[in-house]
There are 2 protein chains.
Amino acid sequence: MNLKRIGNQTVTFENPPVILSSYSVAGPKEGQGPLGKTFSKVWPDTINGNKSWEVAESKMLEEALQGALKQSNLQQSEIDFMLAGDLLNQIISSNFAARTMGFPFIGIFGACSTMALSMAIGSMLIDGQFARNVLVGVSSHHDTAERQFRLPTEHGSQRPMSAQWTVTGAGSVVLAQSGKGPRITAATIGRVLDYGEKDVNNMGAAMAPAVSDTILNHLQDFNRKPADYDLIVTGDLGNVGLQLSKEILKRSGIEMANQFNDCGVLIFDPASQDVHSGGSGCACSSIVFAGDIMQKLISGQYQRVLLVGSGSLHSPTSALQGESIPCIGHAVVIEA
Amino acid sequence: MNLKRIGNQTVTFENPPVILSSYSVAGPKEGQGPLGKTFSKVWPDTINGNKSWEVAESKMLEEALQGALKQSNLQQSEIDFMLAGDLLNQIISSNFAARTMGFPFIGIFGACSTMALSMAIGSMLIDGQFARNVLVGVSSHHDTAERQFRLPTEHGSQRPMSAQWTVTGAGSVVLAQSGKGPRITAATIGRVLDYGEKDVNNMGAAMAPAVSDTILNHLQDFNRKPADYDLIVTGDLGNVGLQLSKEILKRSGIEMANQFNDCGVLIFDPASQDVHSGGSGCACSSIVFAGDIMQKLISGQYQRVLLVGSGSLHSPTSALQGESIPCIGHAVVIEA
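All of these numbers come straight from a predicted model, not from anything done at the bench.

Calculation criteria
Residues numbered from 1 in each chain as written. Chains lettered and ligands numbered in written order. Predicted model: local features only at pLDDT ≥ 70, side-chain atom pairs only at ≥ 80, totals over all residues. Heavy atoms only, no water. Domains from an automatic or database assignment. Contact = heavy atoms within 4.5 Å. Buried area = accessible area lost by both parts, 1.4 Å probe. Salt bridge = Lys/Arg side-chain N within 4 Å of Asp/Glu carboxyl O. Polar contact = N/O pair within 3.5 Å; in protein donor to acceptor, adjacent residues only side chain to side chain. Helix = DSSP H or I, 4+ residues; strand = E, 2+ residues; numbered from the N terminus. Buried < 20%, exposed > 50% of the residue type's maximum accessible area, 1.4 Å probe, protein only. Core = buried A, V, L, I, M, F, W, Y, C linked by side-chain atoms within 4.5 Å. Phe/Tyr/Trp six-rings, centres within 6.5 Å; stacked < 30°, edge-to-face > 60°. Lys NZ or Arg CZ within 6 Å of the ring centre and 35° of its normal. Least-squares fit on C-alpha atoms with pLDDT ≥ 70 in both. Pairing = 2+ DSSP bridges. Nonpolar A, V, L, I, M, F, W, Y, C, P; charged D, E, K, R; others polar.

Glancing now at the domain arrangement of chain A. The parts lose accessible area when they come together, and the size of an interface is often stated as this lost area. Residues and elements named next belong to chain A. For chain A, the assigned domains are domain 1 (5-176) and domain 2 (183-335). One C-alpha centre belongs to domain 1, the other to domain 2, and the line joining them spans 17 Å. The interface is formed by 61 residues belonging to domain 1 together with 63 residues belonging to domain 2. Ranking the residues of domain 1 by area buried against domain 2 places Q9, C112 and Q164 at the top, with a combined share of 17%. The interface formed by domain 1 and domain 2 contains 0 salt bridges. Connecting domain 1 to domain 2 are 27 residue pairs in polar contact (both at pLDDT 80 or more). Of all the elements in the fold, those that place two or more residues in the side of domain 1 that touches domain 2 are β2 (10-12), β3 (18-26), α1 (28-31), α4 (114-127), β7 (133-140), α5 (142-149), β8 (165-166) and β9 (169-176). Looking at the side of domain 1 that touches domain 2 element by element, the count peaks at 8 residues for α4.

So, in structure tokens, the structure goes:
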């Protein structure tokens, strides 16, 4: 049997799945940022009338899923799988959204890499002929993440400059066997790397090696160079991690130019929005992708984009037990 | 393009993936149970010299993964993906095991349905021609789950009779494009159902509707009856859930006979082991499958088995916020 693989870690598609539609819901802070106008919808506050932030996050994900589904013009019965994940314990935002949506559901955990990972798996399920259409969605929420991963939100403790700000939002795409839209042409599934970083307020430094490893393997597998992409965008290393990743890749002989950027860097304005190293959370790369990047792929400004989801795979328990942070990067190639 | 689907929710395989090998590691209580002799390895205690139960769980998973890999006679370089998941927040047992194993890693969350779900996805990745071989593994640990989901382990609080006992263990299989062994011929991916059960000490009742829905859809998709299987085994409804599921299926016109059982019921001896409604946890169905069921498939005692993983998709946070328990069932067909 022929394998749809190239090099060591990359899969390619015989009939590259189409991104039929995308939808992004953002929190108010994200709406005020430089990409504010690219989001499908901006919530006025982070709870939006729900009884808890956790319920709000799940509802936000539902809105994104419903939005992408509606824009795809597909019927409910045409969606064969829904793939979703988030940062909350037992991915409850996704589970509760899946309950409402009613589709056969596959729960994914890849921390902040979940959007790229789910798009990769969804594409394999479609090109493998197991689905006509797959609905993908991920979410994160500043207030749910803050109290789960860090400190009580009322605490108001000072964050170090290397810390990132969890994005409140939800992004969704509909992947399809056929139709009109940008196509996912390949994916590189990452390995877990851990260089011993233990500071959960410096996840950019923790994630940089794994993300750089995936980028390096991806380029080697295809024998491509960074200039073969209009944009190589990580999601989300933040300022600290992006600089480190550039440095790591440079030492491996890969010179990243201006087309190398990070969703966590792009989503907030460093001058007016106090987020230190940038944005993070599953929603960060998903709403930057579902909004700005999709729009530029459709307009033709981008011909080929490499979206590299980055995941920090620790838990508060593992951190308290003194473990370092295992990390991963998953990449998908999207072509106009 | 031809679709490898039948009915509404079931996928079938053109070249059904082979289960090349399986390996199960069990805790001491599980080792003393009726299936004790079927496990590849039994730990003398639940910590086995590790510094915490969480580290022990991850090491147990590593042992299972290494065991299955060794028995498959494959080289490290022949494994294209590792799929794993567990019950802990941010699936840390799997993430840390993936760090050691070094394979391209896909993290799955399906609560106690994770083994069946991972086997389904792994089979799709292989039959879709994206992988030659896939390593699948899941774990759970009584002591890590107890303190995360319920009460401090030192507390010694009384458990209601409907409660299940989280199995300490880890199960792993190697799925392959070709080779000798039982084959995965189909999979039915479940939908999230929630009939309003809020009692986290009665997960069998919460899960029964979703599991019954998947069994019903599976049988309808294939136009099969229960007698077409030597074993239809859920993992893990426990005694309460199994009875409820029989009742639900009966009302839907499906009479389940003696071949309908549950991994949580099979793994402990109700007379001598005080577990109330039975076992639970990702490990429960995975070590019953990797041990007893695989052995009976290889010996020819079973020709066709339906393994129905059942997942209770709540979190302690959602339960404390008064939400009911969303549940799911995923089924895989294994044939000798």
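This part is about the pattern of salt bridges. Side chains that differ in sign of charge can pair as their charged atoms come close. Under the counting rule described, the total for this entry stands at 28 salt bridges over all chains. Here E335(A) makes a salt bridge to R304(A), at a shortest N to O gap of 3.5 Å. Residue E335(A) is located in strand β15 (residues 327-335), and its partner R304(A) is located in strand β14 (residues 304-312); the two are separated by 31 residues in the primary sequence. If you follow the salt bridges from partner to partner, you end up with R5(A), D80(B) and R132(B) in one network.

On to the side chain of Q273(B), then. All names here are of chain B. Mapped onto the elements, Q273 comes out in the loop between α8 (263-266) and β13 (279-280). The buried category is assigned to Q273, whose relative accessible area is 7%. Excluding residues within four positions of it along the chain, Q273 makes contact with K29, Q32, G33, P34, I267 and F268.

As a further point, take helix α3 (residues 92-101) of chain A. Burial analysis of α3(A) places 8 of its 10 residues in the buried class, the great majority of the element. Structurally, α3(A) contributes buried residues whose contacts are with α2 (53-72), β5 (81-86), β6 (105-107) and β7 of chain A together with α10 (316-320) of chain B. One or two positions beyond α3(A), positive phi appears at G102(A), with a value near 85 degrees.

To continue, consider α5(A). Residue and element names in this part refer to chain A. Counting buried residues along α5, 7 of its 8 residues qualify, which places the element largely inside the surrounding structure. Among the residues making up α5, those that are buried are H142, D143, T144, A145, E146, Q148 and F149. Looking at the buried positions of α5, the neighbouring elements they touch are α2, β7, β8 and α10 (316-320).

Further remarks concern the nonpolar core. In summary, soluble globular proteins display a tendency toward joint burial of nonpolar side chains. If you look at the biggest cluster of nonpolar residues, it comprises 166 residues, and the most contacted ones within it are F81(A), M119(A), F289(A), F81(B), M119(B) and F289(B). For F289(A), the contacting residues outside a window of four places in its chain are I19(A), M119(A), V173(A), M294(A), L297(A), L307(A) and I334(A).

A full pass over the atoms with the stated rule returns 2 aromatic pairs over all chains. On the basis of an interplanar angle of 65 degrees and a centroid distance of 5.7 Å, the ring pair of F13(A) and F130(B) is categorised as edge-to-face. One end of the pair, F13(A), is in the loop between β2 and β3; the other, F130(B), is in the loop between α4 (114-127) and β7 (133-140), on a second chain. F130(B) shares its class with F13(A); the two are buried. Just above the ring of F222(A) sits the side chain of R224(A); from NZ or CZ to the centre is 3.8 Å.

Before going further, it helps to examine the relation of the copies chain A and chain B. For the pair chain A and chain B, the relating rotation is 180 degrees, the translation along its axis is 0.0 Å, and the fit reaches an RMSD of 0.0 Å. Between the two chains, the operation in question is that of a two-fold axis. Proximity to the rotation axis, assessed at the C-alpha, singles out G128(A) in chain A; its C-alpha lies 1.9 Å from the axis. Interface overlap between copies is the fraction of interface residues in one copy that are interface residues in the other; for chain A against chain B it reaches 100%, indicating a shared surface.

Next up on the list: the pairing of strand β9 (residues 169-176) of chain B. Residue and element names in this part refer to chain B. Within β9, 8 of the 8 residues are buried, leaving the element largely enclosed by the surrounding structure. Residues of β9 alternate between two faces, with G169, G171, V173 and L175 on one and A170, S172, V174 and A176 on the opposite face, all of them buried. In the sheet, strand β3 (residues 18-26) pairs with β9 via 8 bridges, with the strands oriented antiparallel. The partner of Y23 across the bridge, within β9, is S172.

This part covers the pairing of strand β10 (residues 183-188) of chain A. Residues and elements named next belong to chain A. Counting buried residues in β10 gives 5 out of 6 residues, a clear majority hidden from the surface. Relative to β10, β2 runs antiparallel, the two being bridged by 3 bridges. Residue V11 lies in a different strand from β10, and its bridge partner there is A187.

Within the secondary structure, N95(A) is located in helix α3. Exposure remark for N95(A): the relative accessible area of 0% places this residue in the buried category. A polar contact is formed between the side chain of N95(A) and the backbone oxygen of L313(B), at a distance of 2.9 Å. With sequence-adjacent residues up to four places away left out, N95(A) is seen in contact with Q90(A), F105(A), F109(B), V192(B), L313(B) and P326(B).

Of the residues lining the interface, 65 residues belong to chain A; the matching set on chain B comes to 65 residues. Across the interface of chain A and chain B, roughly 5,400 Å² is buried in total on both sides, 62% from carbon and sulfur atoms. Our count for the contact surface shared by chain A and chain B stands at 6 salt bridges. Seen at the junction of chain A and chain B, the total is 27 residue pairs in polar contact (both at pLDDT 80 or more). Those elements that provide at least two residues to the side of chain A that touches chain B are β2, α2, α3, β6, α4, α5, α10 and β15 of chain A. Each residue belonging to the side of chain A that touches chain B can be placed in one class, and the counts come to 31 nonpolar, 22 polar and 12 charged.

Further remarks concern the environment of P44(B). Here P44(B) is to be found in the loop between β4 (41-42) and α2 (53-72). What makes P44(B) exposed here is its relative accessible area of 63%.

So, on to unusual backbone geometry. A cis amide bond links G235(A) to the next residue, D236(A), at an omega of 10 degrees. Along the chain, the position of D236(A) falls in the loop between β11 (231-235) and α7 (238-251). The phi torsion at I91(B) lies on the positive side, around 35 degrees, for a residue other than glycine. The topology assignment puts I91(B) in the loop between β5 (81-86) and α3 (92-101).

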